[in-house]
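# Structure assessment
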Amino acid sequence: MKTLKDVQIGETVKVKKLHGEGAVKRRIMDMGITKGTELYVRKVAPLGDPIEITLRGYELSIRKFDAQVIEVE
């Protein structure tokens with residue numbers, strides 16, 4: 001299983017499934033990250049947290065903890 005946390009800078013991936021529960025899953029979906037959405041990894045902070053992605057025409061920074069529950073292909 002490949003998660004958003006494992007994606008390299010400059011790679012574009014598609015969301016396959018969200019593994020979070022309750023409020024975590026709801027918050028991720030509210031940010032526009034839903035099944036089938038394409039995500040482009042723009043930057044990763046020097047210590048690896050957060051990860052900056054582009055989706056649906058806007059930039060978003062997401063924590064490594066949240067990136068772990070987003071399965072991609």
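Please refer to the structure higher up on the page.
Right, let's walk through the structure included here. (Residues numbered from 1 in each chain as written. Predicted model: local features only at pLDDT ≥ 70, side-chain atom pairs only at ≥ 80, totals over all residues. Heavy atoms only, no water.)

### Here's the deal with the overall build of the protein
The cut-off we apply is this: For helices the rule is a DSSP run of H or I covering at least 4 residues; for strands it is a run of E covering at least 2, with both sets numbered from the N terminus onward. Burial classes: relative accessible area under 20% of the type maximum marks a residue as buried, over 50% as exposed, and values in between as partly exposed (1.4 Å probe, protein chains only).
Along its length, the protein carries two helices and five strands. Reading the secondary structure of the protein in the N-to-C direction produces β-α-β-β-β-α-β. Taking the principal axes of its C-alpha atoms as reference, the protein extends roughly 30 × 25 × 20 Å. Residue burial in the protein is summarised as follows: out of 73 residues, 37% are buried.

### Some words on the sheet that holds strand β1 (residues 12-18)
Rules: One requirement defines pairing of two strands: DSSP has to find at least two bridges between them. Note on method: axes are straight lines fitted to C-alpha atoms, helices fitted across the in-contact stretch only, with angles between N-to-C directions ranging 0 to 180 degrees.
Reading across from one edge, β4-β3-β2-β1-β5 is the order of the five strands in this open sheet, with antiparallel pairing throughout. Two strands in the sheet have a free side with no partner beyond their single neighbour: β4 (58-62) and β5 (70-72). Between one strand axis and the next, the sheet turns by 45° as a mean value, whatever way the strands run. Sheet topology note: the β1/strand β2 (residues 38-44) ladder contains three bridges and is antiparallel. Residue pairing in the sheet places Val-13 in a bridge with Leu-39 of β2.

### Examining the environment of Lys-35
Threshold: Throughout, a residue-residue contact means that at least one pair of heavy atoms, one from each residue, lies within 4.5 Å.
Assignment of secondary structure puts Lys-35 in the loop between α1 (22-30) and β2. Judged by its relative accessible area of 70%, Lys-35 is exposed. Excluding anything up to four places from it in sequence, Lys-35 contacts Val-15 and Lys-16.

### Considerations on unusual backbone geometry
In this model, Asp-49 is joined to Pro-50 through a cis peptide bond whose omega is 5°. The residue Arg-56 is not glycine, and still its phi comes out positive at about 50°. Positionally, Arg-56 belongs in the loop between β3 (51-55) and β4. Residue Arg-56 is classed as exposed on the basis of its relative accessible area of 55%.

### Focus on the pairing of β3
Burial runs high along β3: four of the five residues are buried. Relative to β3, β2 runs antiparallel, the two sharing four bridges. Of the residues in β3, the one forming a bridge with Val-44 is Ile-51. Hairpin connection from β2 to β3: six residues lie between these consecutive antiparallel strands, with Gly-48 at a positive phi of about 90°. In terms of strand pairing, β3 meets β4 through five bridges, oriented antiparallel. Bridge pairing links Thr-54 to Glu-59 in β4. Counted along the chain from β3 to the antiparallel partner β4, the turn is two residues long, and its residue Arg-56 has a positive phi close to 50°.

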